[in-house]
Number of protein chains: 2
Amino acid sequence: MPRYAMKIEYNGAPFAGWQRQDGLPTVQGAIENALAKLEPRAHTIAAAGRTDSGVHALAQVAHCDMERDWVPERLMGALNFHLKPQPVAILDLRPVADDWHARFSAHERRYVFRLLSRRAPATHDAGLVWQVGHELDLGLMQAGAAHLIGRHDFTTFRASQCQADSPIKTLDALRIEEMPTNGGREYRFYLRARSFLHNQVRSFVGTLERVGAGAMPPENVKTALEARDRAACGPVCPPQGLYLAGVGYADDPFAGGDPR
Amino acid sequence: MPRYAMKIEYNGAPFAGWQRQDGLPTVQGAIENALAKLEPRAHTIAAAGRTDSGVHALAQVAHCDMERDWVPERLMGALNFHLKPQPVAILDLRPVADDWHARFSAHERRYVFRLLSRRAPATHDAGLVWQVGHELDLGLMQAGAAHLIGRHDFTTFRASQCQADSPIKTLDALRIEEMPTNGGREYRFYLRARSFLHNQVRSFVGTLERVGAGAMPPENVKTALEARDRAACGPVCPPQGLYLAGVGYADDPFAGGDPR
């Protein structure tokens, strides 16, 4: 069966996460239903990252197996047609080898988190950022973040329901940028690792926001990490600022850039 | 009566435009209703630009007259509280002189238009951009735009229902920038003038999009302008990419920058 890799953008707001669940709207379910319009049967697709309810994607990657050979542009166009009006779009679609796997072939995940500091409620960005009404200090958040980079036991920043074999992971990058936005300041967190624990990014950002607000000194991030205790974590922040921004593969099916 | 100037951001999608209309949701109506929660009576506010149905604002400016003196930050907070969950936010609010007028004191309006060129449907930006599926040529659009800058009779680019006294206006700037966006290209049009005719920006962008698509040579923009004939205009583009981005005043109540 020919296999195709898909690069997928979605707004997570109306979905109960990526993973198919009976009776609930999910991104996986939406794409599998669209595939069933093209080849009527049960479809099961696999994704690089199983995003939680309300989490967005700029470039999720998944693969599907088809019965017949499709011209990639036609398959992409047909899927986008059947996905409408749901906020899910296939940005790119390429044929891959039978043993290429969106999840198991991936060696890197990249996430972006958008945190808005502004008193007036968000309008255009409502549901696309996590908003706080107070000021934040970029330098303090960066100092706190520095303690998290590298190979650590991240038990403190791991949800109790996390199914990973080990809490030991290597965080390759956690960069924070500040930018002016209409009437406020936006902070973007850029994270990169081979893989992440469940709720790891939201646990990081929830803790670093407390540091930026002046409620916790940056050194306490190190103390919390070394405690290896979920209770030492700051609050887990809400999902609507989180985006799966990219997936890295040694054999990248999308190399050569995006189509228009 | 103390007068206050407001800087207002809104998502135009759910509104039948700025101007109050009986039985229809409008931005003016939403703000006047919020004011009536604070000082129960009929309120009438005036704005710098009466945006059409579906048009957004990043920084609309309006003024209101109150019976009692309000601490500006408290008045802004109370209005934002009562505006929720409508996508309208007061970003800044300042006391102004009795003879300061949001519309008549304004000497400049700035608009931004967001045009997305991408085959896959917009998800996060749905309703916030005008999307086309084909490629556009920035250089052609810039060459076409150059013909529009300066003082001209803009009858070609004026809606039949326009109420301005004269079709002669001076367009101070029309700059177009191209930027990569997730899976496509975005074109931002930045326009600046003392005032605009009804549908002028959407008539410009609709015409320049045809130029960018290769359907009309840039020189035809000059021919169309000189025809002084509505029939010579390209298609008027849809409203969802248009933003009132700022208003200029000699005596700017918001000078000194945005609050957080």
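Residues numbered from 1 in each chain as written. Chains lettered and ligands numbered in written order. Predicted model: local features only at pLDDT ≥ 70, side-chain atom pairs only at ≥ 80, totals over all residues. Heavy atoms only, no water.

The name recorded for chain A in an unreviewed UniProt entry is tRNA pseudouridine synthase A, from Litorivita pollutaquae. Its UniProt record gives chain A a comment under Catalytic activity (unreviewed entry), which states: "uridine(38/39/40) in tRNA = pseudouridine(38/39/40) in tRNA". UniProt's Sequence similarities (unreviewed entry) comment on chain A is quoted here verbatim: "Belongs to the tRNA pseudouridine synthase TruA family." (UniProt positions renumbered as here; feature names shortened; annotations may be inferred.)

Colleague: So what exactly am I meant to see when it comes to the overall build of chain A here?
Modeller: Secondary structure summary: chain A contains 5 helices and 10 strands in total. A compact globule built from 260 residues would reach a C-alpha radius of gyration of about 18 Å, and chain A, at 19 Å, matches this within 12%. Principal-axis analysis of the C-alpha atoms gives chain A an extent of 60 × 40 × 40 Å. Out of the 260 residues belonging to chain A, those deemed buried represent 54%. Intrachain contacts of chain A at a sequence separation of at least 6 include 72% that bridge at least 24 residues. Accessible surface, chain A: about 11100 Å² in total, of which carbon and sulfur atoms supply 48%. Both charge centroids of chain A, one from 30 positive and one from 29 negative side chains, sit 2 Å from each other. (Helix = DSSP H or I, 4+ residues; strand = E, 2+ residues; numbered from the N terminus. Rg over C-alpha atoms; globule rule 2.2 N^0.38 Å. Buried < 20%, exposed > 50% of the residue type's maximum accessible area, 1.4 Å probe, protein only. Contact = heavy atoms within 4.5 Å. Areas by Shrake-Rupley, 256 points an atom, 1.4 Å probe, with all protein chains shown as cover. Lys, Arg positive; Asp, Glu negative; His and termini not counted. Charge placed at Lys NZ, Arg CZ, Asp CG, Glu CD.)

Colleague: What is the right way to look at the interface of chain B and chain A in this model?
Modeller: As a measure of interface size, the accessible area lost when the parts come together is often cited. Listed as interface residues are 33 residues of chain B and, on the opposing side, 33 residues of chain A. In total, about 2800 Å² of surface goes out of reach between chain B and chain A, with carbon and sulfur atoms giving 56% of it. Along the contact surface separating chain B from chain A lie 2 salt bridges. A salt bridge links Glu-9 of chain A to Arg-118 of chain B, with the nearest nitrogen and oxygen atoms 2.8 Å apart. Put simply, chain B and chain A have 14 residue pairs in polar contact (both at pLDDT 80 or more) between them. Contributing elements (two or more residues each) for the side of chain B that touches chain A: β1 (3-10), β3 (56-65), α2 (72-83) and β4 (88-96) of chain B. It is β4 of chain B that provides the largest number of residues to the side of chain B that touches chain A, a total of 4 residues. (Buried area = accessible area lost by both parts, 1.4 Å probe. Salt bridge = Lys/Arg side-chain N within 4 Å of Asp/Glu carboxyl O. Polar contact = N/O pair within 3.5 Å; in protein donor to acceptor, adjacent residues only side chain to side chain.)

Colleague: How do you make sense of the domain arrangement of chain A when you look at a structure like this?
Modeller: Residues and elements named next belong to chain A. Here chain A is described as being made up of domain 1 (3-105) and domain 2 (107-245). Contacts between the two partners involve 15 residues from domain 1, matched on the other side by 13 residues from domain 2. Between domain 1 and domain 2, a total of about 1100 Å² is buried, with carbon and sulfur atoms accounting for 54% of that surface. For the domain 1 face of the interface with domain 2, the top three residues by lost area are Asp-52, His-56 and Leu-58, together amounting to 44%. The partner of Arg-202 in a salt bridge is Asp-52, and the shortest N-O contact between them spans 3.8 Å. Our enumeration of links across domain 1 and domain 2 arrives at 9 residue pairs in polar contact (both at pLDDT 80 or more). Residues of the side of domain 1 that touches domain 2, tallied by class, amount to 5 nonpolar, 8 polar and 2 charged. (Domains from an automatic or database assignment. Nonpolar A, V, L, I, M, F, W, Y, C, P; charged D, E, K, R; others polar.)

Colleague: Help me understand the pattern of salt bridges, please; the structure alone is not making it clear to me.
Modeller: Opposite charge on two side chains lets them pair, provided their charged atoms get close. All chains considered together, the criterion is met by 32 salt bridges over all chains. Residue Glu-226 of chain A is joined to Lys-222 of chain A by a salt bridge in which the shortest nitrogen-to-oxygen separation is 3.0 Å. Here Glu-226 of chain A and its partner Lys-222 of chain A are both found in helix α5 (residues 219-227), 4 residues apart, which amounts to about one turn of the helix. By relative accessible area, which is 39% here, Lys-222 of chain A ends up partly exposed. A salt bridge links Glu-186 of chain B to Arg-114 of chain B; the shortest N-O distance between them is 2.8 Å. Separated by 72 residues along the polypeptide, Glu-186 of chain B in strand β9 (residues 184-193) and Arg-114 of chain B in strand β5 (residues 106-117) bring together distant segments of the chain. Taken individually, Glu-186 of chain B and Arg-114 of chain B each receive the classification buried, so the pair is uniform in this respect.

Colleague: Where do I start with the UniProt feature "domain: Pseudouridine synthase I TruA alpha/beta" (unreviewed entry) in chain A in this structure?
Modeller: Residues and elements named next belong to chain A. In the UniProt entry, the feature "domain: Pseudouridine synthase I TruA alpha/beta" (unreviewed entry) is given for residues 9-104 and 145-249. Overall, residues 9-104 shows 25% helix and 24% strand. The separation of its end C-alpha atoms is 20 Å. In residues 145-249, the share of helix is 23% and the share of strand is 34%. The end C-alpha atoms are 26 Å apart.

Colleague: Would you mind going over the relation of the copies chain B and chain A with me for this structure?
Modeller: One copy of the chain maps onto the other through a rotation about an axis followed by a shift along the same axis. Expressed as a screw operation, the relation of chain B to chain A combines 0.0 Å of axial shift with a rotation of 180°, fitting to an RMSD of 0.0 Å. Such a turn and shift between the copies fits a two-fold axis. Considering only C-alpha atoms, the residue of chain B closest to the rotation axis is Asp-125 of chain B, which sits at 4.6 Å. (Least-squares fit on C-alpha atoms with pLDDT ≥ 70 in both.)

Colleague: Help me understand the packing of helix α1 (residues 27-38) of chain B against α2 of chain B, please; the structure alone is not making it clear to me.
Modeller: For any two helices packed against each other, one specifies the inter-axial angle together with the distance between the axes. Residue and element names in this part refer to chain B. It is at 9 Å that the axes of α1 and α2 come closest, and there the two elements cross at 115°. Between α1 and α2 lies a crossing whose hand is right-handed. Residues Ala-30, Ile-31, Ala-34, Leu-35, Lys-37 and Leu-38 of α1 pack against Leu-75, Ala-78, Leu-79, His-82 and Leu-83 of α2. Classifying every residue of the contact of α1 with α2 gives 9 nonpolar, 1 polar and 1 charged. (Axes fitted to C-alpha atoms, helices over the stretch in contact; angles between N-to-C directions. Left-handed = near helix turned anticlockwise from the far one by under 90°.)

Colleague: Where do I start with the UniProt feature "binding site: substrate" (unreviewed entry) in chain A in this structure?
Modeller: Residues and elements named next belong to chain A. The UniProt record marks Tyr-111 with the feature "binding site: substrate" (unreviewed entry), using the residue numbering of this structure. Mapped onto the elements of the fold, Tyr-111 is located in strand β5 (residues 106-117). Judged by its relative accessible area of 12%, Tyr-111 falls in the buried class. Once you skip the residues sitting within four places of it in the chain, Tyr-111 turns out to touch Phe-189, Tyr-190, Leu-191, Phe-196, Val-201, Leu-242, Tyr-243, Leu-244 and Ala-245.

Colleague: Would you take a moment to explain the side chain of Asp-153 of chain B for this structure?
Modeller: Residues and elements named next belong to chain B. Note on placement: Asp-153 falls in strand β7 (residues 150-153). No salt bridge is formed by the buried Asp-153. Its closest oppositely charged neighbour is Arg-228, at 4.0 Å. Within polar-contact distance, the side chain of Asp-153 engages the side chain of Thr-155 at 2.5 Å. With sequence-adjacent residues up to four places away left out, Asp-153 is seen in contact with Pro-167, Ile-168, Leu-225 and Arg-228.

Colleague: What am I meant to see in the pairing of strand β9 (residues 184-193) of chain A here?
Modeller: Here is the key point about a regular strand: its side chains alternate between the two faces of the sheet. Residues and elements named next belong to chain A. Here β5 pairs with β9 via 9 bridges, running antiparallel. Bridge pairing in β9 places Tyr-111 opposite Leu-191. Across 10 bridges, the pairing between strand β8 (residues 168-181) and β9 is antiparallel. What sits directly across from Ala-173, in β9, is Arg-192. Taken together, β8 and the strand that follows it, β9, pair antiparallel across an intervening segment of 2 residues, in which Gly-183 is found at a positive phi of about 75°. (Pairing = 2+ DSSP bridges.)

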